[in-house]
Protein chains: 2
Amino acid sequence: MAQKPSIPKGTRDFTPHEISKRNYIFDIVKTHFQNFGYQPIETPSFENSDTLLGKYGEEGDRLIFKILNSGDFISKVDDVTYSSKNSSSLAPKITEKALRYDLTVPFARYVVMHQNEIDFPFKRYQIQPVWRADRPQKGRFREFYQCDADVVGSDSLLQEVELVQLYDTVFTALQLTGVTIKLNNRKILAGIAEVIGAKDLLIDFTVALDKLDKIGEEGVKKEMREKGISDTAIEKSAPLFTLKGSNTSQLDSLETLLQNSEEGSKGVAELRYIIESIDELGLQTAQLSIDVTLARGLNYYTGAIFEVSAPDGVSMGSIGGGGRYDDLTGIFGLKNVSGVGISFGLDRIYLVLEELNLFPKSLEKSLDVLCLNFGEKEALTSLKLTSELRKSGIKADVYPSNTKIQKQFKYANNRKVPFVILLGTEELSNGAFVAKNMKTGEQKTYRLDAVGTFISEL
Amino acid sequence: MAQKPSIPKGTRDFTPHEISKRNYIFDIVKTHFQNFGYQPIETPSFENSDTLLGKYGEEGDRLIFKILNSGDFISKVDDVTYSSKNSSSLAPKITEKALRYDLTVPFARYVVMHQNEIDFPFKRYQIQPVWRADRPQKGRFREFYQCDADVVGSDSLLQEVELVQLYDTVFTALQLTGVTIKLNNRKILAGIAEVIGAKDLLIDFTVALDKLDKIGEEGVKKEMREKGISDTAIEKSAPLFTLKGSNTSQLDSLETLLQNSEEGSKGVAELRYIIESIDELGLQTAQLSIDVTLARGLNYYTGAIFEVSAPDGVSMGSIGGGGRYDDLTGIFGLKNVSGVGISFGLDRIYLVLEELNLFPKSLEKSLDVLCLNFGEKEALTSLKLTSELRKSGIKADVYPSNTKIQKQFKYANNRKVPFVILLGTEELSNGAFVAKNMKTGEQKTYRLDAVGTFISEL
């Protein structure tokens, strides 16, 4: 019996209409990546396991999809390991490759392997799927695209400034106005931990602070206390909870707060440079806003930290994020290569555009002209006409079989074709065709030897 | 110690320059797929194992990459299976998903699962990677892209005609002139086997005939004899070896040869319809040529069989192929859906374009304008200028750091940037910038408040 087909949980088929909307986003993103001087690379879908394992923490290792070795994989397992019947010890013996978990580690691997042919600073973008054995849930998939732009080999803050512009440019081009680009700096967080006397508890401190939105000031203080941060320290951190107003006034408060921390002061100076440069250059539709509670990816970033939130009123987590990392390629033996990058959350951006009805109506149209089919001879002439249209870059088609005209019209409606061409026996003998505007119902006759007239009126 | 990175054998990194050449091919193919009314779909990279296994023969099953179940996978293996320590019985217990092996089976699965939302006839294209655990060798990879266009739900021969036009259109657009589209029909092969009295040996007969190019007439006859085809049958098949001349004269010979086979005569009629329609419509640069020895994918195709060979003088196997299959979706329970499709061999097309030097020179340029960096203040003004260029769709960049100008020029040369902008202290105070044409060495000064003049001269 034939099997009833299904797809693995957490994965998706994309229909033509979904693809056209996804490509609309991809194309805009790519165009601006390229205008900003970023170049595309692609890496293999699977990497050697040892390239990926140990790079994402224990949780990450667990979520990496491993590929079973081909052939008689079990014969290579020694008896001791086999008799243990233990998944953790068995897995490394029967798998050598694993599916890409993110684009950052493969990029680091790429940079190290291709270092002699790369012209640094290297601005690369990469838009490829990644796979995670996460529990699937609404908006979380086991296969999804990541979309990253990074610069490696330059520690210039101009890059941070440009990345803010890049976010602004892409979201403006998507007509997604009113996004907020939140900005922080790890050095500021480290400086704060230092001046309040909780340097050793930096991670606990920032993890708590990161929850300010969700659990409020008292909640954050409670969590800090639970993590062993002293009351004195918490008291000293009070200014953080009242940091408000313009970016400039926040910078001034931070400068005062961090005046005795060298690292903190450096962070403030970096933040100020980015803010002032952007003030000078201007943004099109986005807001740039300091947020010292932003602690995203802290054990990874070393300087600027970015996060983009959707416009007010759209309930959606961040739709982008990134930051600077000083030693991306060190894990593969290439030291002192600073990098900074951002990513776009494609699935979420898609949902936001959908919710705000921002996809262009034109994406619904996959065909410009459909010739109905009135029989073998007429269809061949229609195909000749269609070929001329296609050569002019018009998406055109002939209905493949001579079925009921009703059914053919229904197909045209479903595909939202704006023009239907009628070329029946009579038209054929007259050397003519009729074009019907499906919106207005208007019909107009053209000569077959003057298709150009029809094309120019389209 | 840091690990020395590598990638799995049979996989590839793609550099920016390679990507731009690959995208050049992809973009042309997609444009014409769309002009011809084909719509894109995408399916997940992995499918449930039972969707794929058993669909590609024993060899195929062996070459499918299987994904190890997550978590404590081994605990779900019963003791009897485990104690057998047998890879074949163990594999199905520890893997449930497998990487896509081709695009055809996932497409069939897609059509069945989405049958209620699809408007038939459904013309779809799909360009995605597939994975095969094949032994890697020159030009054969474990990860590679397939590129398919298929129509399902129509048995009209107009589709075959269109697919010939599609091949011609795409290869013409790629400036790859002189390709030959070889055409055959399974019904003709079946008819021949029938009239020579070797109906039961159809596969052996065609497999042998398929080797005519390689082993010659005597070789083919020898192999036929070895496979048990009688001398009488081989004698009767003699006309096949002398089929030459125009498509029309070959059709006439075949018609005579197959007059007593209903199936064979039907095949000749189908072939004649396609040939005559294409004669009527004309091709731009390709040749359409009957080849009765073409037996590609015979146990799969039921009607037309296509194969495209590169222009004479380029030693490369086929660069495309396809055919009609009457029951693609039957394996998943949807009967009587006829389909016909073609594929483009992207990696081989890439190699052919490379060999014939057909990639446009413009692909080498990833950046239109580079502003050199003369210091913080100058760079910020350069970034402002660059922003204006980018808004006009010009790929522009600022060199990120104020290093030696020699080094910056070298970077511009390596990236083949046609225009370099010099905006130093003097220019800044004059409100001007200098654009240097890197090819001619010519330098010209523009005003910063009239960037439009520079843009219009680019």
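Residues numbered from 1 in each chain as written. Chains lettered and ligands numbered in written order. Predicted model: local features only at pLDDT ≥ 70, side-chain atom pairs only at ≥ 80, totals over all residues. Heavy atoms only, no water.

A.B. asks: What is the right way to look at the overall build of chain A in this model?
C.D. replies: Each helix and strand in chain A was counted, giving 19 helices and 16 strands. The C-alpha radius of gyration computed for chain A amounts to 29 Å, which surpasses the reference 23 Å derived for 458 residues by more than 25%, pointing to a less compact arrangement than a globule. Out of the 458 residues in chain A, the part that is buried amounts to 58%. Contacts in chain A between residues at least 24 apart in sequence constitute 69% of all its contacts with a sequence separation of at least 6. When the accessible surface of chain A is totalled, it reaches about 19600 Å², and 47% of it is carbon and sulfur. Counting 56 positive and 62 negative side-chain charges, chain A places the centres of these two groups 8 Å from one another. (Helix = DSSP H or I, 4+ residues; strand = E, 2+ residues; numbered from the N terminus. Rg over C-alpha atoms; globule rule 2.2 N^0.38 Å. Buried < 20%, exposed > 50% of the residue type's maximum accessible area, 1.4 Å probe, protein only. Contact = heavy atoms within 4.5 Å. Areas by Shrake-Rupley, 256 points an atom, 1.4 Å probe, with all protein chains shown as cover. Lys, Arg positive; Asp, Glu negative; His and termini not counted. Charge placed at Lys NZ, Arg CZ, Asp CG, Glu CD.)

A.B. asks: Looking at this structure, I do not really get the environment of glutamate 194 of chain B. What am I missing?
C.D. replies: Along the chain, glutamate 194 of chain B turns up in helix α8 (residues 186–195). A residue is classified by how much of its surface remains accessible, and glutamate 194 of chain B, at 27% relative accessible area, is partly exposed.

A.B. asks: How should helix α17 (residues 405–414) of chain B be read in this particular structure?
C.D. replies: Residue and element names in this part refer to chain B. Of all the residues in α17, the buried ones are Gln408, Tyr411 and Ala412. For α17, the angular spread of buried residues about the axis comes to 100°, placing them on one side. Structural note: α17 exposes Gln406 and Lys410 on the side pointing more than 90 degrees away from its buried face. After α17 finishes, the residue lysine 416 shows a positive phi value of roughly 55°. (Arc of directions from axis to C-beta.)

A.B. asks: Teacher, can you tell me more about the domain arrangement of chain A here?
C.D. replies: Many structure descriptions define interface size as the accessible area lost when the parts assemble. Domain annotation of chain A identifies domain 1 (16–64 + 101–355) and domain 2 (366–457). Summarising the inter-unit geometry, the C-alpha centres of domain 1 of chain A and domain 2 of chain A are found 52 Å apart. (Domains from an automatic or database assignment.)

A.B. asks: I would appreciate a short explanation of the pattern of salt bridges in the present structure.
C.D. replies: Once the charged atoms of two side chains with opposite charge are near each other, the side chains can pair. Throughout the structure, instances matching the rule amount to 56 salt bridges over all chains. Here arginine 324 of chain A and glutamate 160 of chain A are joined by a salt bridge, their closest N and O atoms 2.6 Å apart. Placement of arginine 324 of chain A in strand β10 (residues 318–325) and of glutamate 160 of chain A in helix α7 (residues 158–173) is noted, with a sequence separation of 164 residues between them. Taking the relative accessible area as the measure of exposure, glutamate 160 of chain A reaches 1% and is therefore buried. Arginine 140 of chain B is the partner of aspartate 134 of chain B in a salt bridge, and the nearest nitrogen-oxygen pair spans 3.5 Å. Using a relative accessible area of 18% as the deciding quantity, one classes aspartate 134 of chain B as buried. Since its relative accessible area comes to 34%, arginine 140 of chain B is described here as partly exposed. (Salt bridge = Lys/Arg side-chain N within 4 Å of Asp/Glu carboxyl O.)

A.B. asks: When you look at the packing of aromatic side chains in this model, what are you seeing that I'm missing?
C.D. replies: Any two aromatic rings considered together are summarised by their centre-to-centre distance and by the angle between their planes. Within the structure shown, the criterion is met by 41 aromatic pairs over all chains. A ring pair is formed by phenylalanine 419 of chain A and phenylalanine 454 of chain A, whose centres lie 6.0 Å apart and whose planes are at 85°; its orientation type is edge-to-face. Pair noted here: phenylalanine 419 of chain A is in strand β14 (residues 419–422) and phenylalanine 454 of chain A is in helix α19 (residues 451–457), with a separation of 35 residues, a long-range link. By relative accessible area, which is 1% here, phenylalanine 454 of chain A ends up buried. Note on phenylalanine 107 of chain B and phenylalanine 122 of chain B: the rings are 6.3 Å apart at their centroids and 40° apart in plane angle, and the pair reads as tilted. With phenylalanine 107 of chain B in helix α6 (residues 104–113) and phenylalanine 122 of chain B in strand β5 (residues 122–131), this residue pair connects regions lying 15 residues apart in the sequence. On the accessibility criterion, phenylalanine 107 of chain B (0% relative accessible area) is buried. Its relative accessible area of 4% is what places phenylalanine 122 of chain B among the buried residues. (Phe/Tyr/Trp six-rings, centres within 6.5 Å; stacked < 30°, edge-to-face > 60°.)

A.B. asks: Would you mind showing me how to read the interface of chain A and chain B here?
C.D. replies: Of the residues lining the interface, 106 residues belong to chain A; the matching set on chain B comes to 106 residues. Regarding the contact of chain A and chain B, the summed buried area is about 9200 Å², with carbon and sulfur atoms giving 58% of it. In this structure, the salt-bridge partner of lysine 384 of chain A is glutamate 280 of chain B, at a minimum N-O distance of 3.2 Å. The tally of links from chain A across to chain B stands at 47 residue pairs in polar contact (both at pLDDT 80 or more). Ranked by residue count, the leading element in the side of chain A that touches chain B is helix α16 (residues 376–391) of chain A, at eight residues. Of the residues belonging to the side of chain A that touches chain B, the class tally is 48 nonpolar, 32 polar and 26 charged. (Buried area = accessible area lost by both parts, 1.4 Å probe. Polar contact = N/O pair within 3.5 Å; in protein donor to acceptor, adjacent residues only side chain to side chain. Nonpolar A, V, L, I, M, F, W, Y, C, P; charged D, E, K, R; others polar.)

A.B. asks: Even after reading the chapter, I still don't get the relation of the copies chain A and chain B, so can you show me in this structure?
C.D. replies: The operation relating the pair of chain copies consists of a rotation about an axis and a translation along that axis. In screw terms, the move from chain A to chain B is a rotation of 180° and a rise of 0.0 Å along the axis, fitting with an RMSD of 0.1 Å. Considering both components of the superposition, the chain copies are consistent with a two-fold axis. Within chain A, isoleucine 67 of chain A has its C-alpha nearest the rotation axis, a separation of 2.3 Å. Mapped onto chain B, 100% of the interface residues of chain A are again interface residues, and the two copies thus contact each other with one and the same surface. (Least-squares fit on C-alpha atoms with pLDDT ≥ 70 in both.)

A.B. asks: It is not clear to me how the sheet that holds strand β9 (residues 304–309) of chain A should be interpreted in this structure. Could you clarify?
C.D. replies: Pairing between the strands of a sheet is mediated by backbone hydrogen bonds and can be parallel or antiparallel. Residue and element names in this part refer to chain A. The eight strands lie next to each other as β1-β5-β6-β11-β10-β9-β7-β8, forming an open sheet whose pairing is mixed. For this open sheet the edge positions go to β1 (39–40) and β8 (287–290), each flanked by a neighbour on one side alone. By the bridge criterion, 10 bridges tie strand β5 (residues 122–131) to strand β6 (residues 143–152) in an arrangement that is antiparallel. By the bridge assignment, tryptophan 131 is partnered in β6 with glutamate 143. (Pairing = 2+ DSSP bridges.)

A.B. asks: Looking at this structure, I do not really get the confidence of the model for chain A. What am I missing?
C.D. replies: One rule of thumb: low pLDDT means the predicted coordinates there are not for detailed reading. For chain A, the average pLDDT comes to 94, and 99% of its residues sit at 70 or higher. In the model output, the complex is listed with pTM 0.95 alongside ipTM 0.94. (pLDDT = per-residue confidence, 0-100.)

A.B. asks: Quick question: what am I supposed to make of the pairing of strand β15 (residues 432–437) of chain A here?
C.D. replies: Residue and element names in this part refer to chain A. With respect to burial, β15 is a largely interior element, five of its six residues being buried. Of the pairings in the sheet, the one linking β14 to β15 comprises four bridges and is antiparallel in character. By the bridge assignment, phenylalanine 419 is partnered in β15 with asparagine 437. The sheet contact formed by β15 and strand β16 (residues 443–447) spans five bridges and is antiparallel. Within β16, the position partnered with lysine 436 by the bridge is glutamine 443. Counted along the chain from β15 to the antiparallel partner β16, the turn is five residues long, and its residue glycine 441 has a positive phi close to 80°.

A.B. asks: Any chance you could explain the packing of helix α1 (residues 16–35) of chain A against helix α15 (residues 346–355) of chain A here in plain terms?
C.D. replies: All names here are of chain A. One can describe the packing of α1 onto α15 by two numbers: an axis separation of 11 Å at closest approach and a directional angle of 110°. The angle between α1 and α15 places the two elements in the roughly perpendicular class. Contacts from Glu18, Lys21, Arg22, Tyr24, Ile25 and Phe26 in α1 reach Leu346, Asp347, Ile349, Tyr350, Leu353 and Glu354 in α15. (Axes fitted to C-alpha atoms, helices over the stretch in contact; angles between N-to-C directions. Parallel < 35°, antiparallel > 145°, perpendicular 65-115°, else oblique.)

A.B. asks: What am I meant to see in the sheet that holds β16 of chain A here?
C.D. replies: Residue and element names in this part refer to chain A. Read from one edge of the open sheet, five strands run β13-β12-β14-β15-β16, paired in mixed fashion. With partners counted over all chains shown, the strands left at the sheet margins are β13 (396–398) and β16, one partner each. Strand-to-strand twist of the sheet, defined as the mean angle between neighbouring strand axes without regard to direction, takes the value 25°. In this structure, strand β12 (residues 369–371) lies alongside β14, joined through three bridges in parallel fashion. Looking at β14, one finds that leucine 370 is bridged to valine 420. Lying over the sheet, α16 contacts β12, β13, β14 and β15, oriented at roughly 170° with respect to β13.

A.B. asks: Just checking my understanding: could you explain the pairing of β6 of chain A for this structure?
C.D. replies: Both faces of the sheet carry side chains from a regular strand, because those side chains alternate between them. Residues and elements named next belong to chain A. Counting buried residues along β6, nine of its 10 residues qualify, which places the element largely inside the surrounding structure. Of the pairings in the sheet, the one linking β6 to strand β11 (residues 339–344) comprises five bridges and is antiparallel in character. The partner of aspartate 148 across the bridge, within β11, is serine 343.

A.B. asks: Explanation requested: the environment of aspartate 72 of chain A in the structure shown.
C.D. replies: Position of aspartate 72 of chain A relative to the elements: it lies in the loop between β3 (66–68) and α4 (79–84). When the C-alpha atoms of aspartate 72 of chain A and alanine 432 of chain A are compared, they prove to be 67 Å apart, with 360 residues separating the residues in sequence. A polar contact of 2.5 Å, which involves the side chain of aspartate 72 of chain A, links it to the side chain of serine 87 of chain B.

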